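# Observations on the three-dimensional arrangement
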Amino acid sequence: MSSTRTLVSPATLARPRGKALYWTVFTGVVLLFTLAFLFPVYWMVTGALKSPDEVTRTPPTLVPAHWHLSAYTDAWDLMQLPQHLWNTFVQAAGAWACQLVFCTAAAYALSRLRPAFGKVILGGILATLMVPAQALVVPKYLTVADLPLIHTSLLNDPLAIWLPAAANAFNLYLLKRFFDQIPRDVLEAAEIDGAGKLRTLWSIVLPMSRPVLGVVSIFALVAVWQDFLWPLMVFSDTDKQPISVALVQLSQNIQLTVLVAAMVIASIPMVALFLVFQRHIIAGISAGSTKG
């Protein structure tokens, strides 16, 4: 019977001294990684609570000498954060809905309907992942500036964010791989009961695909929320810009502490989204590890 060789042998761990040393090293490593990930967040949050002179002081202070909450209120009012957060929410929600509908339909068709030249189509879709995103900016801009056939402009319109986001090759492939692993017996049982293709997708496939749909949703929302270049080109109207663009455009004559406070407020929705749906993210990542 083969045994796996580890860094610390079971005999050493069985001894009190070895066990104490192991847990000491383990606890130290966990604390080190926790500090490495959480310290930037702490530095950003406390940076907005410092005075403008203290935030630029050398050497820096770990704890604010005097706590100033005015930076957060000033950021909320001066940088018009409610309006820009709402713009970002509308753009992210629309992109998420379009991506979920079109990517799910395309993935289901490629996985279960088996169309002619399906593998060629899938290969062409995956080939777009090798094209740098910056190389697609100019063609996308020319397309939304003068939409083919109907010759209308989508500039300063949320549709300019929603429609390009619907064509996401990575999320489509992620959904297709999950659909491929759904047991065929379940789908055949639905067909015997008289369910059509759309009914099977709605009543059988989608409820079973909640983990991967959660992961795709997180990817879609985060991608739109943190995007900067494309919204900068599409939205010339300041009142319609998302938070990522507005923070840069309105930071010209703003104090550093106010700008840091605005960044903290802008990051809260994504942090809250992750904390609420972290179980779905982990479940979706591990969903494709086993078949059946």
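Structural data are supplied above this passage.
## Describing the overall build of the protein chain
Each helix and strand counted, the protein chain has 15 helices and zero strands in total. Its C-alpha atoms give the protein chain a radius of gyration of 25 Å, more than 25% over the compact-globule value 19 Å for 292 residues. By its C-alpha atoms, the protein chain is 75 × 70 × 35 Å across when sized along the principal axes. Going through the 292 residues of the protein chain one by one, you find that 33% of them count as buried. Counting only contacts in the protein chain whose residues sit at least 6 apart along the sequence, the fraction spanning at least 24 positions is 71%. Entry remark: accessible area of the protein chain is about 18,500 Å², with carbon and sulfur atoms responsible for 69%. Of the side-chain charges in the protein chain, 19 are positive and 14 negative, and the distance between the mean point of each set is 20 Å.

## A few points about the packing of aromatic side chains
Applying the stated rule across the entire model yields six aromatic pairs. Taken together, the ring pairs in this structure connect Phe39, Tyr42 and Trp43 into an aromatic cluster. Above the face of the Trp43 ring, Lys50 is positioned so that its terminal group lies 4.3 Å from the ring centre. Stacked on the ring of Trp230, the Lys or Arg Lys140 has its end atom at 4.5 Å from the ring centre.

## Considering the nonpolar core
Residues Tyr72, Leu81, Ile243 and Leu247 are the most contacted members of the largest nonpolar core, which totals 36 residues. Breaking this core down by element, the ones donating at least two residues are helix H4 (70-78), helix H5 (81-113), helix H7 (137-145), helix H8 (159-166), helix H12 (210-226), helix H13 (229-234), helix H14 (243-249) and helix H15 (256-287). The greatest single-element share of this core, amounting to 10 residues, is contributed by H15. The contacts of Leu81, once residues within four sequence positions are left out, are Ala75, Trp76, Ile243, Leu247, Ala262 and Ile265. With 18 residues, the next largest nonpolar core counts Tyr108, Leu110, Leu122 and Val205 among its residues.

## Some thoughts on the packing of H5 against H8
Two numbers describe a pair of packed helices, the interaxial angle and the distance between the axes. Here H5 crosses H8 at 30°, and the two axes come no closer than 8 Å. For the element pair H5 / H8, the angle class is roughly parallel. Two packed elements cross with a definite hand, and for H5 against H8 that hand is right-handed. Residue-level contacts link Val90, Gln91, Gly94, Ala95, Cys98, Gln99, Phe102 and Cys103 of H5 to Ile161, Trp162, Ala165 and Ala166 of H8. Partitioning the contact of H5 with H8 into residue classes produces nine nonpolar, three polar and no charged.

## Observations concerning the side chain of Arg112
Mapping Arg112 onto the fold places it in helix H5. Although Arg112 lies buried, it forms no salt bridge, and the closest oppositely charged side chain, Asp180, sits 5.5 Å away as judged by the N-O distance. From its side chain, Arg112 meets the backbone oxygen of Asp180 in a polar contact 3.5 Å long.

## Examining unusual backbone geometry
Backbone torsion omega between Thr58 and Pro59 reads 0°, so that peptide bond is classified as cis. With respect to the helices and strands, the residue Pro59 is situated in the loop between helix H3 (52-55) and H4. A positive phi angle, near 60°, is found at Phe117, a position not held by glycine. Along the polypeptide, Phe117 turns up in the loop between H5 and helix H6 (118-127).

## Let's talk about the pattern of salt bridges
By the definition in use, this model includes two salt bridges. Of the charged contacts in the structure, one is a salt bridge between Asp180 and Lys176, with a shortest N-O distance of 2.8 Å. Placement of the pair is Asp180 and Lys176 together in helix H9 (residues 169-180), with a separation of four residues, close to one helical turn. Given a relative accessible area of 12%, Lys176 falls into the buried group. Between Glu191 and Lys197 there is a salt bridge, and its shortest N-O distance comes to 3.4 Å. Judged by its relative accessible area of 44%, Glu191 falls in the partly exposed class.

Parameters at a glance
- Residues numbered from 1 in each chain as written.
- Predicted model: local features only at pLDDT ≥ 70, side-chain atom pairs only at ≥ 80, totals over all residues.
- Heavy atoms only, no water.
- Helix = DSSP H or I, 4+ residues; strand = E, 2+ residues; numbered from the N terminus.
- Rg over C-alpha atoms; globule rule 2.2 N^0.38 Å.
- Buried < 20%, exposed > 50% of the residue type's maximum accessible area, 1.4 Å probe, protein only.
- Contact = heavy atoms within 4.5 Å.
- Areas by Shrake-Rupley, 256 points an atom, 1.4 Å probe, with all protein chains shown as cover.
- Lys, Arg positive; Asp, Glu negative; His and termini not counted.
- Charge placed at Lys NZ, Arg CZ, Asp CG, Glu CD.
- Phe/Tyr/Trp six-rings, centres within 6.5 Å; stacked < 30°, edge-to-face > 60°.
- Lys NZ or Arg CZ within 6 Å of the ring centre and 35° of its normal.
- Core = buried A, V, L, I, M, F, W, Y, C linked by side-chain atoms within 4.5 Å.
- Axes fitted to C-alpha atoms, helices over the stretch in contact; angles between N-to-C directions.
- Parallel < 35°, antiparallel > 145°, perpendicular 65-115°, else oblique.
- Left-handed = near helix turned anticlockwise from the far one by under 90°.
- Nonpolar A, V, L, I, M, F, W, Y, C, P; charged D, E, K, R; others polar.
- Salt bridge = Lys/Arg side-chain N within 4 Å of Asp/Glu carboxyl O.
- Polar contact = N/O pair within 3.5 Å; in protein donor to acceptor, adjacent residues only side chain to side chain.

Without other data, these values stay purely geometric and don't point to any function.
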